[in-house]
Structure formats: structure tokens, C-alpha cells
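Coordinate inspection notes
The primary structure of each chain is shown beneath.
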Amino acid sequence: TTDYILMPKQICFYAKHSGTPSTVTSSAVKVEWGVASPNVGSHFTNHKFTAPVTGNYWISSQLTTMVASNVDATAGYVALRLYKNGSVLQSSHSLVADPHTVNNYNQVSTSRAIALNANDYLEVYVQSDATGTVGLVGDHSYFSGFLIG
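How each quantity is defined
Residues numbered from 1 in each chain as written. Predicted model: local features only at pLDDT ≥ 70, side-chain atom pairs only at ≥ 80, totals over all residues. Heavy atoms only, no water. Salt bridge = Lys/Arg side-chain N within 4 Å of Asp/Glu carboxyl O. Helix = DSSP H or I, 4+ residues; strand = E, 2+ residues; numbered from the N terminus. Buried < 20%, exposed > 50% of the residue type's maximum accessible area, 1.4 Å probe, protein only. Core = buried A, V, L, I, M, F, W, Y, C linked by side-chain atoms within 4.5 Å. Contact = heavy atoms within 4.5 Å. Polar contact = N/O pair within 3.5 Å; in protein donor to acceptor, adjacent residues only side chain to side chain. Phe/Tyr/Trp six-rings, centres within 6.5 Å; stacked < 30°, edge-to-face > 60°. Lys NZ or Arg CZ within 6 Å of the ring centre and 35° of its normal.

Take the pattern of salt bridges next. One pass over the full model with this rule turns up 2 salt bridges. Note that Lys 30 is salt-bridged to Glu 123, the shortest N-O span being 3.1 Å. Of this pair, Lys 30 sits in strand S3 (residues 29-30) while Glu 123 sits in strand S11 (residues 121-128); the two residues are 93 residues apart in sequence, bridging distant segments of the chain. For Lys 30, a relative accessible area of 27% translates into the label partly exposed. Here Asp 120 and Lys 84 are joined by a salt bridge, their closest N and O atoms 3.9 Å apart. With Asp 120 in the loop between strand S10 (105-116) and S11 and Lys 84 in strand S8 (residues 77-84), this pair connects stretches of sequence that are 36 residues apart.

Encoded structure:
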């Protein structure tokens, strides 16, 4: 039928974690992403998305972490920080579940509509207050978005 609206040039991107940083620290560190696919319009470069036009965008990110060594049970959160133009726009937190179990996986995510002006940019940072070793799992960590309108 002809009842479909096709928008093959609709701005969108999806990128998985590239391996850097491999360990989450107490300082907020920018997450580096692999090659984005799809990357319609090529507006996702250098580990950030830059809005080509003013509009509303749907943005999602998820970070999956793994406890690589025993973590102090009194301190155990992982934060995903979404930055807009170099400043924190939103923070999402997840407790490190069962911190004494090595290879324990945890996830923290955010999804939301964001009004962006042309040339505004978004980046994802990660931070943790855990005293042991918490690492990012690449295949399960992503950053994605698309223009709503």
C-alpha cells in the first residue's frame, strides 16, 4: 500500500562503546564510541552528536558496567551524565548491585526528548564512586538519537 511515510534522510545515529574508558573512575570521563551505524547525515563525529538543525531530538544512552574486582559496599554508584554544549544536562544513577560479586553486571540509562538549536552538541560521560574496579562493557553500551521534528 501507499500509506507509509518514508524518510530515508531522517537524521539519526547509533554507536556502541569503543572500549575507552575501559575502567570507570571517580572523575567524570567522556565515553568514546565506535563508528556509528547508522549515521544518517554524518552528524555523529568525534564521540559526540551535533544537531544540524534546530528541533526536538529523541536521545538514548545506556551504559553497562561490570564489577571487575571487589567493590566497597558502602560506596557503589555508576552515573551516566548527558552533557549539552559542555555542561551537565542530566544525570542518571545506578547502584552497583552485590558489589562483592566479581563479573556482576549493572546498567544505567537515559532516554528523553531534547530541544536543540543548530550546532548544539551532546556527549556522554561516566563516573563512579566505587572503590574497586568497575569496567564498561562495550557491546551493551550505546548512544543513539534521531530528529523528531
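Let's pick the thread back up.
Counting 26 residues, the largest nonpolar core has Phe 49, Leu 63 and Phe 143 as the members making the most contacts within it. When contributions to this core are tallied by element, the ones reaching two or more residues are strand S1 (12-16), strand S7 (55-67), S8, S10, S11, strand S12 (134-136) and strand S13 (142-147).

Below, the discussion takes up the environment of Gln 90. Relative to the helices and strands, Gln 90 resides in strand S9 (residues 87-95). Note: C-alpha distance between Gln 90 and Val 124 (34 residues apart in sequence) is 9.9 Å. For Gln 90, the residues in contact, after removing those within four places along its chain, are Leu 80, Arg 81, Leu 82, Thr 110 and Arg 112. Looking at Gln 90, its side chain comes within polar contact range of the side chain of Thr 110, at 2.7 Å.

To describe a pair of aromatic rings, you give the distance between the ring centres and the angle between the ring planes. The tally for this structure, following the rule as stated, stands at 8 aromatic pairs. An aromatic cluster is built from Phe 13, Trp 33, Phe 44, Phe 49, Tyr 57 and Phe 143, whose rings are joined through pairwise contacts. Over the ring of Tyr 121 we find Lys 48, and its NZ or CZ is 4.3 Å from the ring centre.

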